[in-house]
Structures are given as C-alpha cells and as structure tokens.
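Take a look at the letters that make up each chain.
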Amino acid sequence: MVTPATAAERPSPSAGPVPGAETQTDVLIVGGGVCGTALLFELARYTDLGHLTLVERYDQLAQVNSKASSNSQTIHCGDIETNYTLEKALKVKRTAEMIERYAALLSEPERNRCVFRTPKMVLAVGEPECSALRQRFELFSPHFPAMELLEKAEIAEWEPHVARLDGERADSPLRPEPLVAIGIRRAATAVDYEALSQSFAAQALAAVAGSPRQVDLQLGSRVEAITPETAADGTTTFLVEVRPHHPGARSQPGDPNAQAAAAPHRIRARHVVVSAGAHSLLMAQNLGFGLEYSCLPVAGSFYFTPDLLRGKVYTVQNDKLPFAAIHGDPDVRSPGQTRFGPTALLLPMLERYRPASFFEFLKVLRLDLSVLLVFWQLFRIADIRNYILKNLLFEVPWLRRRLFLDDARKIVPGLQLADLRFAEGFGGVRPQLIHKGEQRLMLGEARIAAMPGLAFNVTPSPGGTCCLGNAVTDLEAIVERLGCGFDRQRLEQELYGATSPSP
Ligand SMILES: Cc1cc2nc3c(=O)[nH]c(=O)nc-3n(C[C@H](O)[C@H](O)[C@H](O)COP(=O)(O)OP(=O)(O)OC[C@H]3O[C@@H](n4cnc5c(N)ncnc54)[C@H](O)[C@@H]3O)c2cc1C
C-alpha cells in the first residue's frame, strides 16, 4: 500500500534554490505533467537513488496537456477505440492497466480523486459501421472478456439518449438507423490526469520521507539550457540552467530585487529526462537532436451539454482520418455535464492559449520539401481535406455550435442547439510528429534517446494512459546507466500485477 501523503508531503515548490548556486542531483526530470511525475514516482518508489529533481515551469503541476480541462480524461484500453489494431490495443491495455493498479495502491479518497469507474461503449451507426463493429467484436472479445455486444434495445437501456429520439421519455421511439455497440458495463474508464500528476508527486515525496533520500520539486522554474559535459574519466554529466518563471509578472527596469529573483541557478545532473510535451522536441533540437522530426500541433476543442450520458460513448473511426472521432464523456470535474469532442484543429502553437508559443512552433516546424510532401499527402485525400476544413469552422463563433451539432447528433440524436455550449478555455494541443526522412505523420509518442543519460519524450494521445508504461522505459535506462538499486520485483507486482518474480 502506498503511504497516504501527509500535508507536508503534498507537492509544493521546494524552499527555493539560491540564484547563481550549483547543486547536484542524480536524475533531473524536466516537466511536471503526468509523464514527468509518473517517472518521479517510479524512481522514488522502486530505486534507491539518493536525489531526484523535477523542474516545472508553472507554479503548479500539470497545467498544460495533463490539466483536467485539456484532454478527454480517458484511459485508452483499446476496447472502444476502433482506430487501434488488435496488436496496438493489447499493447495499450497492458500499460493502461498500470494506472488502475497504481490507483489500487492509494487510499480511497486519493483514488477517488484520480480514477473513475463508469460504463463505456463504442457506437456504430448505419449498416457498414454495424457490420464492421460486429466483426471487431468477434476478433477482440476473446482478449477483452468484459466486452458485450449491444443491440439497439440494450443500448437504449444503457444510454437512453443515444438510442431514443427523446432520451427523456422511456416511451420515445428508438432511432430508425441500424445501431449496434460494443459495451463494457463498468470499468475504470476516466482519469483526472491533473490529480494523477499531483498524486504521483505526493507519493514520490512519501516514498523518501523519513530517509536521507531527497525529492526536490522546483515549481515556477524553467529549464533554459542543458549542457552535456564529459570529465577526464569519461563520465558525462549534464549542467542544467534553471531560471524562475513567472509569466505575466512585470518589474521595473533596473530593479535589483527583480534581477536577483530572475537570476538562474545551475543543477548538475547525472541523468536528464525531458518530458515537456511539445517543448521536448524544441529542447532536443536546440541541442542538435531529433532534427529528423517536424511537429504538427493538433489542438482539440470541446463542447458541453447537460448531463446526457451515463458513461463514455465513442463512435466508429473513419480509417481515412488520422485522428480519433469525437466522443461524449461525462466530465469528471464537472458533475452534471457531458463533454463532447475533441475536434482536431491544426494550430500553429506548441501550447494552447499561449500565443508566444507560435514562434516556438516555427522553430520545430523545420519546413522543407519533406514536410510539404506530408502536408500534400494529407490534403490530397478528400476526407482529410474536408475534415481539416470542418475543424477550422468548428472554431468560428456562431457557426461552430451549428456545425458541431450535426456531428454530435450521431451520438445523441435528440440534441438541441440550445443544449450545446462551446467549452471556452478547454482543450490542449497534441504534438503530432512528422518523420521527415520517412515522409509520414507519426501517430503515437516518440522518445528521442539523444545520448546516454539524456532522453526527450514527446507524448501526444494516448500519452496520459501510457504515462507509467513509458516511465518504465526511462527507469530501465537510468538503472542500467547509473547502476543504482532497483526493486524490480516490487514494480512488477504492484504495477504489472505479476504474481511471481520474473526469471
Ligand atoms: C484534446 C486532447 C485530448 C486528449 N485526450 C487524452 C485522453 O483521453 N487520454 C490520454 O491518455 N491522453 C489524452 N491526450 C494526451 C495527453 O493529454 C498527453 O499525452 C499527456 O497529458 C502528456 O503529458 P506530458 O507530461 O508529456 O505533457 P504535459 O502535460 O504537457 O506536461 C509537460 C510539462 O512540461 C513543462 N515544461 C515545458 N517546457 C519546460 C521547461 N523549459 N522547463 C520546465 N518545464 C517545462 C510544461 O509546463 C508542462 O507542465 C489528449 C490530448 C489532447 C490535447
């Protein structure tokens, strides 16, 4: 059982580094989203490393893509995501289950803040989708025993607003189109990735409490530069320059207090992992790594309706489209509201709602013929072209609700315009990478293993789901390089559910 985090162990900024000073750490993690904090937790709990540091730009953890309002809050297990092949679904399922296992280690109140159990289904509408979904059920159900095939009347029992023309009335007629769904009655379906990040950090602090080991959380601090340095004995360490980060703060020119407060400090780290979302690529490329990639940021917006769904309702994916179809989800932070989305808007920014990140986007775009070719390959397919244009229109005030209504009615046929509200300020940016050499859009995450001791993780969806699994990859590399103690058996039992030690 994970120790309950005491008030003293709840994540908060460290006492504050001294400007100009140089401190030492074993592992420095850049980025306090769900990926960086998952690694912090695993290193604190399963290794004996003496000093761990996490540096996060904002004053709180998980304020970018892992923020509860930025993503769809889904644990992607591969059972209702029809854009996953069976092979990918089984891979994602293994890492997705790690979140549930982590949650089982927590006290009940902490677990209830992070992980939520609801029904979920993927809905097929019209004959071609229905027959594809029935085939999918045959293929997938042996691997996902909780799956049920739902005919129209059963869908109406699970989700009246989906199968009936008027979900408020039990005697309302069923909608006329062919309808079938794959449902999972009750499972851990939703995660508040912001609360999960806070929990990881709190549990990392709890894991070292009472020992000489230290976990140093430096919030409100921006990593400005990472310089690899190799000593005469061949050992490489990394000098990391960190500066206080107070977006929006203004000071008088020449104010000596402000200058001192903004002065950088340095941390010498034996190993560095950058989990800074799209900024991981920017930082890698500043050091000359990952130059084979360009970045296509895809923002996602959401719409709110009143409470129409009991669980998550996904729709069947058009396989010509590279991004997941919209779905409806009860919002875990706003009881009584259903969130529909996300849309897929090509947005020239590395961070949503931070206009200055446009210039950072220009740096990682690295526009050349191979990038243009990938754009051309996307735009020449009519389905993708129309989809991109439609998603642009989803952002136009007045028009957007009317257009989105059409799409959302695939899930809730009786939805009315007055029920639909654009979720202002919601939705992050998925940093989709383009592999320039292979001239293709990559859909999953990327890990740039720049050099021994330095790695950069770029994590579009389903990066939240895979946070603990991806962290194990970094943990293994750290253990191998630094030769520290590692309680592998405990990790495998707690996070993978292994019943006996691996050989
Ligand atoms: C619309 C949308 C829907 C999604 N839905 C899902 C879903 O349902 N399920 C799922 O599994 N995934 C989903 N995702 C993906 C998921 O949100 C991300 O993969 C995940 O949050 C990435 O976590 P991260 O820690 O890598 O990045 P982030 O959460 O973005 O954290 C990166 C951190 O690095 C910090 N940082 C950046 N630069 C620096 C620097 N120089 N110094 C210090 N700190 C720095 C940032 O401030 C930030 O806190 C969705 C994403 C979007 C946009």
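Numbering of residues starts from 1 in every chain and runs along the sequence as written. Given that the model is predicted, a residue must reach a pLDDT of at least 70 before its local features are reported, and side-chain atom pairs must reach 80 or more before they are shown or counted; all residues, however, enter totals for whole chains, interfaces and linings.

Asks: Which residues make up the packing of helix H1 (residues 34-46) against helix H14 (residues 467-482), and what values go with them?
Replies: Taken N-terminus to C-terminus, the directions of H1 and H14 make an angle of 55 degrees; their axes are 8 Å apart at the nearest point. By the angle between their axes, H1 is oblique relative to H14. The two elements H1 and H14 cross, and the hand of that crossing is right-handed. Contacts between H1 and H14 pair Val34, Cys35, Ala38, Leu39, Glu42 and Leu43 from the former with Cys467, Leu468, Asn470, Ala471, Val472, Asp474, Leu475 and Ile478 from the latter. We call Asp, Glu, Lys and Arg charged. Ala, Val, Leu, Ile, Met, Phe, Trp, Tyr, Cys and Pro are nonpolar, and the rest, Gly among them, are polar. Of the residues contributing to the contact of H1 with H14, the split by class is 11 nonpolar, 1 polar and 2 charged. As a rule, the C-alpha atoms of each element are fitted with a line to give its axis, helices using only the stretch in contact, and angles between N-to-C directions run from 0 to 180 degrees. The way it works is that DSSP assigns letters per residue, a run of H or I at least four long becomes a helix, a run of E at least two long becomes a strand, and they are numbered from the N terminus. When an angle is under 35 degrees it counts as roughly parallel; over 145 it counts as roughly antiparallel; between 65 and 115 it counts as roughly perpendicular; any other value is oblique. Rotating anticlockwise by less than a right angle from the far helix to the near helix defines a left-handed crossing, while the corresponding clockwise rotation defines a right-handed one. Once C-beta atoms have been placed from the backbone, residue pairs whose C-beta atoms lie within 7 Å are recorded as contacts.

Asks: I'd like to hear about the sheet that holds strand S15 (residues 345-346), residue by residue, with values.
Replies: Overall, antiparallel pairing links the 4 strands, which are arranged S15-S10-S17-S18 in an open sheet. A single partner strand is all that each edge strand has here, and the edge strands are S15 and strand S18 (440-441). Judged from the 2 bridges that link them, strand S17 (residues 429-435) and S18 form a sheet pairing that is antiparallel. Residue pairing for S18: Ile434 is matched across the bridge by Leu441. Here the rule is simple: two strands pair whenever DSSP picks up at least two bridges between them.

Asks: So what's going on with the site of the ligand? Which residues, and what values?
Replies: Residues are classed as near a molecule or strand if the C-beta position derived from their backbone is within 6 Å of it. Near the ligand lie 42 residues; those nearest to it are Gly31, Gly33, Gly300, Gly463 and Gly464. Listing elements by their share of the shell around the ligand, those giving two or more residues are H1, strand S2 (51-56), strand S7 (221-230) and S17. Per-element accounting of the shell around the ligand gives the leading share, 3 residues, to H1. Residue composition of the shell around the ligand, grouped by class: 14 nonpolar, 24 polar and 4 charged.

Asks: With reference to specific residues and values, describe helix H4 (residues 127-140).
Replies: A helix's residues, less one, multiplied by 1.5 Å, set its expected span. Between its terminal C-alpha atoms H4 stretches 20 Å, which fits the 20 Å expected from 14 residues at 1.5 Å a residue. Buried residues are those with 20 or more other C-beta atoms within 10 Å of their own C-beta, exposed residues have 12 or fewer, and partly exposed residues lie in between; C-beta atoms are placed from the backbone. Every buried residue belonging to H4 is among Glu129, Cys130, Leu133 and Phe140, and all of these are buried. Burial along H4 is one-sided: seen end-on, the buried residues are contained in an arc of 100 degrees. Turned more than 90 degrees away from the buried face of H4, the exposed residues are Glu127, Pro128, Gln135, Glu138 and Leu139. Buried residues in H4 make contact with helix H2 (86-104), strand S3 (115-125), strand S4 (147-151) and strand S5 (179-191). Regarding the arc, it is the one traced by the directions from the helix axis to the C-beta atoms.

Asks: Explain the environment of Leu43 to me, and be specific about the residues and the numbers.
Replies: With respect to the helices and strands, Leu43 occurs in helix H1. The class of Leu43 is buried, set by 29 C-beta atoms lying within 10 Å. Sequence separation between Leu43 and Asp474 is 431 residues; the distance between their C-alpha atoms is 9.5 Å. Excluding residues that lie within four positions of it along the chain, Leu43 makes contacts with Val27, Leu49, Leu52, Leu475 and Ile478.

Asks: Please provide a residue-by-residue account of the nonpolar core, values included.
Replies: Note on soluble globular proteins: their nonpolar side chains tend to be buried together. For our purposes the nonpolar core covers buried Ala, Val, Leu, Ile, Met, Phe, Trp, Tyr and Cys residues that link as a set through C-beta atoms within 7 Å. Leu40 and Leu123 are the most contacted members of the largest nonpolar core, which has 130 residues in total. Top element by residues in this core is helix H7 (residues 193-208). It accounts for 11 residues. Beyond its immediate stretch of four places on either side in the chain, Leu123 contacts Val162, Ala181, Val313, Tyr314, Thr315 and Ile411.

Asks: Account for the confidence of the model for the chain, with residues named and values stated.
Replies: How sure the predictor is of each residue is captured by pLDDT, a score from 0 to 100. The pLDDT averaged across the chain works out to 93; a share of 93% of its residues lies at or above 70. The low-confidence segment residues 5-9 (pLDDT under 50) makes 9 contacts with residues lying over four places distant or belonging to another chain.

Asks: Can you tell me about the pairing of strand S1 (residues 22-30), naming the residues and giving the values?
Replies: As judged from the 8 bridges shared by S1 and strand S9 (residues 265-274), these two strands associate in the parallel manner. Following the sheet pairing, Val27 is matched in S9 by His271. Pairing between S1 and S2: 4 bridges, direction parallel. Bridged to Val30 within S2 is Val55. Orient the strands so they point away from the viewer; a crossover is then right-handed if the path from the first strand over the helix to the second runs clockwise. Note on the crossover from S1 through H1 to S2: the handedness is right-handed.

Asks: Outline the environment of Ser461, listing residues and values.
Replies: Along the chain, Ser461 falls in the loop between strand S20 (454-458) and H14. Note: C-alpha distance between Ser461 and Pro431 (30 residues apart in sequence) is 8.7 Å.

Asks: Any details on the packing of H1 against H7? Residues and values, ideally.
Replies: Across the interface, H1 lies against H7 with an axial gap of 8 Å and an inter-helix angle of 20 degrees. Put simply, H1 runs roughly parallel to H7. Here H1 runs over H7; the crossing is left-handed. In this structure, H1 uses Val34, Thr37, Ala38, Leu40, Phe41, Ala44 and Arg45 to contact H7, whose residues at the interface are Tyr193, Leu196, Ser197, Phe200, Ala201, Gln203, Ala204, Ala207 and Val208. Of the residues belonging to the contact of H1 with H7, the class tally is 12 nonpolar, 3 polar and 1 charged.

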